[in-house]
Amino acid sequence: MSVEKINSPKNRLVTHILSHATKVPGLIFLSGQVPADENGVVVPGGIQEHTAKCISNLGNVLEASGSSWEKVVKVNIFLKDMDNFAAMNEVYEKLLPTPKPARTCIQAGKLPNDVDIEIEAIATY
């Protein structure tokens, strides 16, 4: 089985610890993306701006992998505070194509750099 490691030049590279995605026949596993710019700086704003940035960062990885949001089959969302669930959903609903992929959303104990959200996905290509 072939395994390809993929990184998007539009996102911060952290190749010493992970690849943005791993592509195997038929599937792409996308690493969790936080609301950071290409320099690793968390973008200003609250949960809605941060949700949009995570989705944008994942979109960059999907593009680099030869896929798109229309081919995402599963999303996992990690929130710092489940009280942000409704506000996150407002952005998620607007930015993801319909029909929406399967999804899990949990409150995580602590996220990298104390961000309020991280999103990962699995897609086809």
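The model shown is predicted, which means the values in this text are computed figures rather than measured ones.

About the criteria used
Think of each chain on its own: its residues are numbered from 1, step by step along the sequence as written. Reporting of local features is limited, given that this is a predicted model, to residues whose pLDDT is at least 70; pairs of side-chain atoms are given and counted only at 80 or more, and all residues count toward the totals for whole chains, interfaces and linings. The side-chain values count all of the structure's non-hydrogen atoms but skip hydrogen atoms and water molecules. Here a strand is any run of E in DSSP of at least two residues, a helix any run of H or I of at least four, and the numbering for each starts at the N terminus. Accessibility here uses a 1.4 Å probe with only protein chains present; expressed as a share of the type maximum, an area under 20% marks a residue as buried, one over 50% as exposed, and anything in between as partly exposed. Distance and chemistry together define a polar contact, namely a pair of N or O atoms within 3.5 Å, with one atom able to donate a hydrogen and the other to accept it when in protein, and with adjacent residues in sequence counting only for side-chain atoms on both sides. In what follows, a contact means two residues having at least one pair of non-hydrogen atoms within 4.5 Å. Two strands pair if DSSP finds at least two bridges between them. In this analysis an axis means a line fitted to C-alpha atoms, helices contributing only their contacting stretch, and an angle means the value between N-to-C directions, from 0 to 180 degrees. Each nonpolar core is a collection of buried residues, namely Ala, Val, Leu, Ile, Met, Phe, Trp, Tyr and Cys, held together in the definition by side-chain atoms within 4.5 Å. Each reported salt bridge corresponds to a side-chain nitrogen of Lys or Arg within 4 Å of a carboxyl oxygen of Asp or Glu.

Draft legend 1. Local environment of unusual backbone geometry. Here the bond from Thr98 into Pro99 is cis, since omega is 5 degrees, no more than 30 degrees from zero. Here Pro99 is to be found in the loop between α2 (85–95) and β5 (102–107). For Asn113, which is not glycine, the phi torsion reads 55 degrees and is therefore positive. Tracing the chain through its elements places Asn113 in the loop between β5 and β6 (117–123).

Draft legend 2. Examining the side chain of Ser67 more closely. By the element assignment, Ser67 lies in the loop between α1 (47–64) and β4 (72–79). A relative accessible area of 13% means that Ser67 is categorised as buried. In this structure the side chain of Ser67 is engaged in a polar contact, spanning 2.5 Å, whose partner is the backbone oxygen of Thr124. In this structure, Ser67 is in contact with Ile28, Leu62, Ala123, Thr124 and Tyr125, ignoring residues within four places of it in sequence.

Draft legend 3. How the structure looks around the sheet that holds strand β1 (residues 4–6). Pairing in this open sheet of six strands is mixed, and the strands run β1-β2-β3-β6-β4-β5 from one edge to the other. The open sheet has two edge strands with one neighbour each: β1 and β5. Between one strand axis and the next, the sheet turns through 15 degrees on average, direction left out of account. Bridging between β1 and strand β2 (residues 21–24) involves three bridges; their strand directions are antiparallel. Among the inter-strand pairings, Ile6 is bridged to a residue of β2, identified as Ala21.

Draft legend 4. Seen up close, the nonpolar core. In terms of nonpolar packing, the biggest core is built from 23 residues, with Leu30, Trp69, Val75, Ile77, Met88, Ile117 and Ile119 touching the most fellow members. Breaking this core down by element, the ones donating at least two residues are β3 (27–33), α1, β4, α2 and β6. The leading source of residues in this core is α1, at six residues. Excluding residues that lie within four positions of it along the chain, Ile119 makes contacts with Ser31, Gly32, Gln33, Thr51, Cys54, Ile55, Leu58, Val75, Asn76 and Ile77.

Draft legend 5. Region of interest: the pattern of salt bridges. Scanning the model with the defined rule gives three salt bridges in all. Taking the shortest distance from any N to any O, the salt bridge between Glu63 and Lys10 comes out at 3.3 Å. With a gap of 53 residues between them, Glu63 in helix α1 and Lys10 in the loop between β1 and β2 connect regions that are remote in the sequence. Here Asp114 makes a salt bridge to Lys110, at a shortest N to O gap of 3.4 Å. Assessed through its relative accessible area of 39%, Asp114 is described here as partly exposed. Where salt bridges share partners, they join Lys80, Lys110 and Asp114 into one cluster.

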